[in-house]
Amino acid sequence: MTKPAAPPLHLYLIDGSGYIFRAFHALPALTRASDGMPVGAVAGFCNMVWKLLREVNAGERPTHLAVVFDKSEDTFRKAFYPDYKAHRPPPPPDLAVQFPVIREATKAFGLPSLELSGYEADDLIATYARLAVEAGGRATIISSDKDLMQLIRPGVALFDPMKSKPLGEPEVLDKFGVTPDKVIDVQALAGDSVDNVPGAPGIGVKTAAELINAYGDLESLLARASEIKQPKRRETLITHADQIRISRRLVALDDQAPPPEPMDALALDDPDPAQLTAFLEQMEFKTLTRRVREAFPGVPAPAAQAGHAGPEGPREGAAWAEAAGSAGPTDDVGVDYERYETVSDLAALDRWIAKAFAAGVVAVDTETDALSATASGLVGVSLAVAPNDACYIPLAHHTAGEAGRDLFAGAEAPPPPTQIPTAEAIARLKPLLEDASVLKVGQNIKYDLGVLARVGVRVAPYDDTMLISYVLETGKHGHGMDELSELFLGHKPIAFKDVAGSGKAQVSFDRVGIDAATRYAGEDADITLRLWRVLKPRLARAGLLGVYETLERHMPHVLSDMELAGVKVDLAVLSRLSGLFSQRMAGLEDEAHRLAGKIFNLASPRQIGDILFTDMNLPGGKRTATGVWSTDADTLEDLAANGVELARVLLDWRQLAKLKGTYTDALRDAVNTKTGRVHTSFSLAATTTGRLSSSEPNLQNIPIRTEEGRKIREAFVAEAGHVLISADYSQIELRLLAHVAGIESLRKAFRDGLDIHAMTASEMFGVPIKGMDPMVRRRAKAINFGIIYGISAFGLANQLAIPQSEAADYIRSYFQKFPGIRDYMETTKATAREKGYVETIFGRRCHIRDIAAKAMNQRAFAERQAINAPLQGAAADVIRRAMARIPGALAEAGLATRMLLQVHDELVFEAPQGEAEAACRLVAHVMERAAEPAVRLSVPLVVEARAAASWAGAH
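Residues numbered from 1 in each chain as written. Predicted model: local features only at pLDDT ≥ 70, side-chain atom pairs only at ≥ 80, totals over all residues. Heavy atoms only, no water.

Engineer: Could you clarify how one ought to interpret the overall build of the protein chain in this entry?
Structural biologist: The helix and strand tally for the protein chain stands at 39 helices and 23 strands. Each principal axis of the C-alpha atoms in the protein chain carries an extent, and together these give about 105 × 85 × 55 Å. Per-residue burial over the protein chain gives 52% buried out of 955 residues. Long-range pairs, those at least 24 residues apart, make up 70% of the contacts in the protein chain with a sequence separation of at least 6. In the protein chain, 106 positive and 122 negative side-chain charges are present, and the distance between their average locations comes to 4 Å. (Helix = DSSP H or I, 4+ residues; strand = E, 2+ residues; numbered from the N terminus. Buried < 20%, exposed > 50% of the residue type's maximum accessible area, 1.4 Å probe, protein only. Contact = heavy atoms within 4.5 Å. Lys, Arg positive; Asp, Glu negative; His and termini not counted. Charge placed at Lys NZ, Arg CZ, Asp CG, Glu CD.)

Engineer: How should I be thinking about the packing of helix H26 (residues 605-615) against helix H28 (residues 645-670) in this particular structure?
Structural biologist: Where H26 contacts H28, the axes come no closer than 12 Å and their chain directions differ by 165°. Classed by the angle they form, the pair H26 and H28 counts as roughly antiparallel. Read as a crossing pair, H26 and H28 show a hand that is left-handed. Between H26 and H28, the contacting residues are Ile608, Ile611 and Leu612 on the first element and Leu646, Leu650 and Arg654 on the second. (Axes fitted to C-alpha atoms, helices over the stretch in contact; angles between N-to-C directions. Parallel < 35°, antiparallel > 145°, perpendicular 65-115°, else oblique. Left-handed = near helix turned anticlockwise from the far one by under 90°.)

Engineer: Mind showing me how you'd approach the confidence of the model for the protein chain here?
Structural biologist: Atomic detail in the predicted coordinates should be set aside for any region of low pLDDT. Summing up the model confidence of the protein chain, the mean pLDDT is 86 and the portion of residues at 70 or higher is 93%. Across residues 302-333 the pLDDT falls below 50, and counting only partners more than four positions away or on other chains, this stretch makes 106 contacts in the model. (pLDDT = per-residue confidence, 0-100.)

Engineer: I'm lost on the sheet that holds strand S2 (residues 64-68) in this one. Help?
Structural biologist: Sheets are built from strands that pair by backbone hydrogen bonding, the pairs being arranged parallel or antiparallel. Read from one edge of the open sheet, six strands run S3-S2-S1-S4-S5-S6, paired in mixed fashion. The open sheet is flanked by strand S3 (113-114) and strand S6 (165-167), the only strands paired with a single partner. Inspection of the sheet shows strand S1 (residues 10-15) paired to strand S4 (residues 138-142) by five bridges, in the parallel sense. Bridged to Ile14 within S4 is Ile142. (Pairing = 2+ DSSP bridges.)

Engineer: Can you walk me through the nonpolar core in this structure?
Structural biologist: When a protein is soluble and globular, its nonpolar side chains tend to lie buried together. Of all hydrophobic cores here, the largest spans 200 residues; its most connected members are Tyr729, Ile821 and Met883. In terms of residue count, helix H22 (residues 514-541) provides more of this core than any other element does, twelve residues in total. Ignoring sequence-local partners within four residues, the contact set of Tyr729 consists of Val878, Ile879, Ala882, Asp905, Met927, Glu928, Ala930, Leu941, Val942 and Val943. Judged by nonpolar contacts, the second largest core, of 50 residues, contains Leu9, Ala132, Leu151 and Met263. (Core = buried A, V, L, I, M, F, W, Y, C linked by side-chain atoms within 4.5 Å.)

Engineer: Would you take a moment to explain the side chain of Thr518 for this structure?
Structural biologist: In this fold, Thr518 is placed in helix H22. When sequence neighbours within four positions are dropped, the list of residues in contact with Thr518 reads Tyr340, Glu341, Thr342, Tyr392 and Glu523.

Engineer: Help me understand the sheet that holds strand S21 (residues 898-903), please; the structure alone is not making it clear to me.
Structural biologist: The four strands lie next to each other as S21-S22-S18-S23, forming an open sheet whose pairing is antiparallel. Both edges of this open sheet fall to S21 and strand S23 (943-948), since each of them pairs with a single strand only. Neighbour-to-neighbour, the strand axes of the sheet open up by a mean angle of 20°, direction not taken into account. Of the pairings in the sheet, the one linking strand S18 (residues 722-729) to S23 comprises six bridges and is antiparallel in character. Bridge assignment links Tyr729 to a residue of S23, and that residue is Val943. Set on the sheet, helix H37 (residues 856-892) makes contact with S18, S21 and strand S22 (906-912); between it and S22 the angle comes to about 15°.

Engineer: Explain the packing of helix H20 (residues 481-489) against H22 to me, please; I cannot follow it from the model alone.
Structural biologist: A pair of packed helices is captured by two measures, namely the crossing angle of their axes and the spacing between those axes. Two elements in contact, H20 and H22, have axes whose closest approach is 10 Å; the angle formed by their N-to-C orientations is 60°. Considering their axes alone, H20 and H22 lie oblique with respect to each other. In the packing of H20 onto H22, the handedness of the crossing is left-handed. Of the residues in H22, those touching H20 at Met481, Leu484, Ser485, Phe488 and Leu489 are Asp524, Ile527, Thr528, Arg530, Leu531, Val534, Leu535 and Arg538. Looking at the contact of H20 with H22 residue by residue, the classes come out as eight nonpolar, two polar and three charged. (Nonpolar A, V, L, I, M, F, W, Y, C, P; charged D, E, K, R; others polar.)

Engineer: Explanation requested: the packing of aromatic side chains in the structure shown.
Structural biologist: Any aromatic ring pair is given by two values, namely how distant the centres are and how the planes are angled relative to each other. One pass over the full model with this rule turns up 13 aromatic pairs. Between Tyr392 and Phe509, the aromatic rings sit 6.3 Å apart at their centres with planes inclined by 90°, giving edge-to-face as the arrangement. Linking Tyr392 in strand S10 (residues 389-394) with Phe509 in the loop between helix H21 (496-500) and H22, this pair joins segments that are 117 residues apart in sequence. Taking the relative accessible area as the measure of exposure, Phe509 reaches 1% and is therefore buried. Taken together, the aromatic side chains of Tyr392, Phe496, Phe509 and Tyr520 make up a single cluster linked through ring pairs. Lying over the aromatic face of Phe69, Arg103 brings its terminal NZ or CZ to 4.8 Å of the ring centre. Stacked on the ring of Trp629, the Lys or Arg Arg623 has its end atom at 3.9 Å from the ring centre. (Phe/Tyr/Trp six-rings, centres within 6.5 Å; stacked < 30°, edge-to-face > 60°. Lys NZ or Arg CZ within 6 Å of the ring centre and 35° of its normal.)

Now the structure itself:
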């Protein structure tokens, strides 16, 4: 018996990007009831896909089907015309956060999705349509996009899903006045303001159609343009011929794009009803869920919920949203330590893993034997799936332990621990911790990511309660778990010293008794989950979900990878510098003794104060609360500015002592003996403005403008066969000030690549830029940067060593020349007073605590904070956006370069020598476009990327 012939290939290509925007704009602003997450576009997309699948099943069923998406705005078209789509506004934040979820919706429907870097979705549609025809089949494009009308031909049809009607040659003639094969020529002449396709000025679609129909095609028209009778039309075509040809290249779809999937991978099959209903239930689409269940009777309720992970990070699913519903301090059931379980065998571990899959969300916390995520050993893991439903999995406790035995009165010493071997436990936990269907929740999860990465686990997707709190209330309070627990749950967690002891009696966690460890670790996971349930829904309600998704959520993985990579230091350079600093300190010590007329300890503030303000009777002395003279940096700077040489010597000695103690000595001790590298720890929620900080060791505060600071950077080197790359934003905060304050003269100077400080000096002091006195430029530079920080006449006078009256004149003149800056400052202060916070251009809120303080000095400091925070915060936001994109861009380019350090406006990389040039170009390209598409800056961002054997050489 012969098999029936396979049906001829019929490929359906869904314009996914078109679906998304139509769905978003066609429906009201829908949000998920449980947490307020925007889901309008997701709902519209799902309904349109379901409707299409029902219709094709009722009629002639296609053999193949795919959904096609745009991957990014950086396509080959921008390579030859950078202004392509330059004026298109970024998608609204409540739409942007839905993009990754829509891709997950596509997977839930069992449909392949196609996207390709460097190409638009329309190019892929053109390519697959060609391949279908060449294979003897046909293609139907599901879209109403006019740009796709150029593809209509025998074997390729267009179908409008909104009107449920085919679009053929009659519709093309009605739209463009020409047949489909001439649509490109008409578009090239008419241009497109939305996509910034220039076209021919003054020629619209109607005139373009007349010209193309008269002359046959675009090249013939341009070749015979001199024959056209209308003078204006003739001159336009002749003058703008090159521009018109570029426009044709822009609008012509490339049907030779490399197909990301073979045609066989697009074969159509029915969706998995359990997977689809799981997704729809998670999104809380009740009507569509019911329809799917009616179409597939007998579908069981899903045991594990399908989650949403995408380029910007995961989103909550149904079980996740349910858990994040209305929990709060009022309905918290209280912490019951007795209900926490110690998991000591594989059967119990498997049971907990199944519970986590069923819940769809699990809080995770790791316990280690040291503070460093890059050097500590994993001691245990705790999980929580609901309040009081938590467990601790001990892995490496060395003894039953005595620490923690008195945590509860009458507790007996625990028996020797029974533990699952670490390798076996990790093998069981790894699928759960890496599964996209389960959201992992952590508090400062960057630490846990680093610890687990070192045992082969790449945790995803995840939420971080510390970062959620940071986004919601930056500057209002701390974001540690204990503080958040007391603030939002009214519960004070067990302190580490209560289980591990304190001072000299403190033991590492691997020596803590299992019972005490279970209570402590189980509570960590339990409280973290409760905090997530309270805090996560607030993001959407406050309009800050997009800030969390785009600026914070990706950072734990990025920074954890950087910390694990570390950076190599040359111990010989450090030793040489340490000796050099010691010699110079000794010389300064002798000089200080000579100037004071006596021997004293330069490290003793009390002795210094007595010499300056008692022995020497210098003016300006202030006593501290303990009654001793203050000798802080400001005091010494004031004295030095007034000609007190001893104060200058003391400042120089302190600077060298700090560099020696903090860097040349401490860095040698910080080298990891196993990796031979220094692994700093970055803090994500430590500043009001979003800037990162680092510790153990602190690499953020190495002086950049002093000779000593540059020498220390010489000790940071690349591995053999590699180089270090320093990529630094040029004057980013001044550029952002020009953009935010709308200072057109500054904007133009930046766009024209002028020396901004020389330009400012010329504007202020009326001197020509050419041949300018360097001191005049230095003064303008000090004012430019000082204005960002709300500098006072007193502060500027100290900085430039000029009278305060002269400094006041400079500042007054500055505001006269750039009144927009004064307006910005006053408006910003008023906003801070009204709202209690200011915002960056990316929506990050920076709360200003003392903006309404009665004390003038407190209020003045808060006002300076308010002025600076939107600028410094925006700069921090830009570099975070860059850091999130760079690892993927490097991987996509096939480069082995890796990111090592972030220091304010600078990123440091390690690259194989052979790819340094390519890495520099790529990194600079990503960094310079990091603000897009969220913000279209009116000034260019400029990045200088250099490669060298050491950090000093690259900087």
